[in-house]
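# Summary of structural features
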Amino acid sequence: MSKKPPYNDAPTPMLRQYQSIKAQHPDAILLFRLGDFYEMFYDDAVVASKHLEITLTSRNKNDPNPIPLCGVPYHSIEPYIAKLLEKGEKVAICDQVEDPRQAKGVVKREVTRVVTPGVVADGLGLDATADNFLAGIALDEKGQFGLALADISTGLFQADTFDTPEAFLEELARAEPRELLVNEACAQHPSLMARIQRLLPNVLISTDDGEPAVDALEALTGGAALIERMPVAAQAAARTLSYLQQTQRGNLRHITAISSGRAAYAMRLDEATKRNLELTRTMPAGEREGSLLHALDRTTTALGSRLLKRWILYPLIDVDAIEERLEAVASILSEPGLLRALPETLREIYDLERITTRVALGSANARDLLALRESLAAARLVREQLADSAGLIAQHAGCIDPADDLIEAIAQTIADEPPLTIREGGIIRNGIDEGLDELRHIIDHGKDYIASIEAAERKRTGISSLKIRYNKVFGYYLEVTNAHRDKVPADYIRKQTLANAERYITPQLKEREETILGAQEKARALEYDLFVTLRERIAEATPRLQATAEAIAAIDALTGLARIAAEYDYCRPTVDDGSAIDIQGGRHPIVERMDPSVRFVPNDVLLDDTDNRLLLITGPNMAGKSTVMRQSALIVLMAQIGSFVPATSARIGVADRIFTRVGASDALAQGQSTFMVEMSEAATILREAGPKSLVIIDEIGRGTSTFDGLAIAWAVAEDLHDRVRARTLFATHYHELTELALQKTGLRNMHIAVKEWNGEVVFLRRLVPGATSHSYGIQVAKLAGLPEGVIGRATEVLTNLEAGEFDEVGSPRIGGHRATDHAAPAQPAQFQLFTQSPSHEVVTRLHDIDPNTTTPLEALTILQELKKTVTRNS
Ligand code: ADP
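For the structure given in this document, a descriptive report is provided here. (Residues numbered from 1 in each chain as written. Predicted model: local features only at pLDDT ≥ 70, side-chain atom pairs only at ≥ 80, totals over all residues. Heavy atoms only, no water.)

## Some remarks on the nonpolar core
Counting 127 residues, the largest nonpolar core has L296 and I617 as the members making the most contacts within it. With sequence-adjacent residues up to four places away left out, L296 is seen in contact with L308, I312, L561, I564, Y570, M638, I641 and S643. In this structure, A121, L181, A213 and I258 belong to the second largest nonpolar core, which totals 28 residues. (Core = buried A, V, L, I, M, F, W, Y, C linked by side-chain atoms within 4.5 Å. Buried < 20%, exposed > 50% of the residue type's maximum accessible area, 1.4 Å probe, protein only. Contact = heavy atoms within 4.5 Å.)

In structure tokens:
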């Protein structure tokens, strides 16, 4: 980064002012109003010009130390602020607080607004389809983590406790907060902070050591219970509240409750799985389109879309809860009329949660109230449409507040096409307030009014030429020509004498004048007051509106799932606590839609806790291994959010967790090598998976040498089968692994069928039992266009290699138990390297590997050490 200010010993008075303001906001990008621009200086300019893709210039170019500078036009700063927030920056907006023409010296300036990414209630690039979380964290001496998540734009507030850093980081990755609040204590854990930053590269980390708002937390529904049951979570929540109070200047009335315990009823989902299964974003592009969320989102409201995202990230593990949702989807699906009508009605509903927030925070305008009225009326209609429903749907429908009082109040009060601003009038209907009607009458009839006074005075005085006129100095006045001066009544007050006329005023005329001129102003102020009174009345109903919003979100999400099921012919899965995952005719929800000209080939997958614990899938590259594995994981996950699934039938024994280790990932940018990422993902799986888990391993051990890779893949598969006993789909290009099936009762070989035809390979996309004899790598390479000469040579080399495939007793190449076969260990071809002339040391060390007690990583270390020894010795 460039030099820190001040660059110059003698900055101008304006720059001195800049520096003193900047000193109060050292962690924010300061937008400094200068004429028609907001300017940024020094390091802020360097950083912001990059983020905003605007030109970086400098202020005093001829100076040996020019000051970096960039600026944006004052009238359109909102998108620029949004962009800076998106990049994880905090922004302070500094305005001119006096009229520059009246200023003596430098115009007075002050920071009028500070915005941070996690505290955006409205506008500023807020994504309608995602929660916008501020996260607060706390740590206690027992190593427990508290995590609080608050979305000020909707009032959503929750907190939980986590026992391990992994569980905590997982949750953080799931919530994707835009801003993270830490205190001094957290800063003492640099490795934790580094992991957080790797996980959330765009998060703004704010430090706050203010007093936790414990009283405010206690006042929330669920607050006191949280303090008692989950002290660390409560600590995080209280700190989050206090930060929100500071930034929102105390107004948090729409945060009425705090919930907790989500971790207990939802499936744990680590960051790798969320990423690998492309649940909410594609990999590596990071786009929503192409993700599971995009494929399943047929909601019509922003509320529903946000809830669906939460459902996908928090699949359920309780069979009854899952069944309840499935039943709800089924019930909508079984009524075609409802399936058509509900989305039509839901479409009329605006972002009820965020409008409610604007109402509560006092930033809603008249159009927001109209949108609220329309939304509430549509919600009421949804309630009516669902009058005959049962179960979960009926429960949600029952939570929709008919809100007749509010709908009525808005309809009666707010004009049909109000302007955006609430200070210019034109927002309140006639007939609501007598005072306002009178004022409007005066405004509309101002001229008539004066004319009527003129007529009355002419009559009273008998002066037919008497006129009422207006000028800026006196306002309204009566003018009488000199010829009639003697008829002027005593109550006229003379103001001015002209050559041929006199000008007068009367108290009555002045009073009228005040009425007319003040009427406009008064009407505006009165309209504003009436509007604010109504808005305040609605704000009192915040909890009712929030309950309605929550119910609508759920109904919308369920309706969306029903629509998708109808559109793509999904089936209702049977979900139970058993151990079988039995998918017949399963399809990949995204791949099957990709290219309508390609017929997607459905596949069956059976996993259980006996003979089909681990399916070892082989087949050439591009055969469809990843697809069938991912679709199985997605089908399980979809079933557990309560969605129908792309299959002809599916029985899903609930998975407590889904783990994935997939291909080479893009974590290089996060500073880890591909191999490291691969291994740490595998380590997590072996450490945390259990018999109820579903594990997807799509290639392992590719990021290292063949021997290492094969050894690791072997050991991992063995450990998953023997000790972890997780239901596992394991794809590998190491054919040697298929020999594991000879030893492992719960392991089955499967492969994706291909046909060889004229030396070319044809993909059949069918998953069938048995191992492939052939990896067709060379054929695939040929398809990919590798030069003929190279293909020819590769075929030759392959033949040479394959000539030495089996050992003299015909045993499996890798599978021999070293511990039981002392005399002539049946070593894999690859490991024969170790035993060609086994030294005593080698034999002893090999015997250290006990399949029952040695962890794969230990085994790996031993093998690697041995390899070094052997290489050294040979
Ligand atoms: P692998 O993991 O074996 O290398 P993939 O699963 O990545 O292969 O599949 C390669 C491509 O084949 C996919 O991108 C998809 O277009 C197509 N494909 C895979 N499975 C099927 C299927 N069941 N039906 C139709 N096309 C498929």
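Picking up after the structure, the text goes on.
## Description of the site of the ligand
Taken together, 13 residues lie near the ligand, and V601, M622, K625, S626 and T627 sit nearest. Between the ligand and K625 there is a distance of 2.8 Å, counted from an oxygen atom to a backbone nitrogen or oxygen. In the environment of the ligand, an oxygen atom lies 2.6 Å from a nitrogen or oxygen atom belonging to the side chain of T627. Its free accessible area being 560 Å², the ligand has 78% of it covered by the protein chains. The greatest single-element share of the shell around the ligand, amounting to three residues, is contributed by helix α25 (residues 625–641). (Near = heavy atom within 4 Å. Polar contact = N/O pair within 3.5 Å; in protein donor to acceptor, adjacent residues only side chain to side chain. Areas by Shrake-Rupley, 256 points an atom, 1.4 Å probe, with all protein chains shown as cover. Helix = DSSP H or I, 4+ residues; strand = E, 2+ residues; numbered from the N terminus.)

## Some points on helix α6 (residues 190–199)
Three or more residues of α6 are buried, namely L192, M193 and I196. Take α6 and look down its axis: the buried residues cluster within an arc of 100°, on one side only. Opposite the buried face of α6, by more than 90 degrees, sit the exposed residues P190 and S191. Structurally, α6 contributes buried residues whose contacts are with β7 (134–139), β8 (145–151), α4 (165–175), β10 (179–182), α5 (184–187) and β11 (204–207). (Arc of directions from axis to C-beta.)

## Overview of the side chain of R440
For R440, the position within the fold is in helix α20 (residues 434–444). At 2.9 Å, the side chain of R440 forms a polar contact with the backbone oxygen of I428. Apart from residues lying up to four places away in sequence, R440 is in contact with I428, R429, N430 and E527.

## Topic: the sheet that holds strand β24 (residues 727–731)
Here we have six strands laid out as an open sheet, ordered β22-β23-β24-β20-β25-β26, and mixed in their pairing. Since the sheet does not close on itself, it has two edges, and those belong to β22 (658–662) and β26 (760–769), each with one partner. Neighbour-to-neighbour, the strand axes of this sheet turn through a mean angle of 15°, independent of strand direction. As paired elements, strand β20 (residues 614–618) and strand β25 (residues 747–757) share five bridges and run parallel to each other. Its bridge partner being in β25, L614 is matched across the sheet by L747. Of the strands in this sheet, β20, β22, β23 (694–698), β24, β25 and β26 touch α25, which is tilted by about 160° from β23. Sitting on the sheet, helix α27 (residues 706–724) is in contact with β20, β23, β24 and β25, with an inclination near 165° to β24. (Pairing = 2+ DSSP bridges. Axes fitted to C-alpha atoms, helices over the stretch in contact; angles between N-to-C directions.)

## Topic: the packing of aromatic side chains
According to the stated counting rule, one finds eight aromatic pairs in the structure shown. With a centroid separation of 4.6 Å and 15° between ring planes, the pair formed by F145 and F168 is classed as stacked. On the criterion of sequence distance, the pair formed by F145 in strand β8 and F168 in helix α4 is long-range, its members being 23 residues apart. Each member of the pair F145 and F168 is classed as buried. Among the aromatic residues, ring-to-ring pairing joins Y18, F32, F41 and Y42 into one connected group. For the cation-ring pair, R33 lies above Y38, with the distance from its terminal atom to the ring centre recorded as 5.6 Å. When the ring centre of W311 is taken as reference, the NZ or CZ atom of R325 above it lies at 3.9 Å. (Phe/Tyr/Trp six-rings, centres within 6.5 Å; stacked < 30°, edge-to-face > 60°. Lys NZ or Arg CZ within 6 Å of the ring centre and 35° of its normal.)

## Observations concerning the pattern of salt bridges
Two side chains with opposite charge may pair up if their charged atoms get near one another. For the structure shown, the criterion picks out 48 salt bridges. Here E540 ties to R253 by a salt bridge, and the two come within 3.8 Å at their closest N and O atoms. Here E540 is found in helix α22 (residues 507–540), whereas its partner R253 is found in the loop between α9 (231–247) and β12 (259–260), with 287 residues between them in sequence. What makes E540 exposed here is its relative accessible area of 58%. Here E527 ties to R440 by a salt bridge, and the two come within 2.9 Å at their closest N and O atoms. Of this pair, E527 sits in helix α22 while R440 sits in helix α20, and the two are 87 residues apart along the sequence. A single burial state applies to E527 and to R440, both of which are buried. (Salt bridge = Lys/Arg side-chain N within 4 Å of Asp/Glu carboxyl O.)

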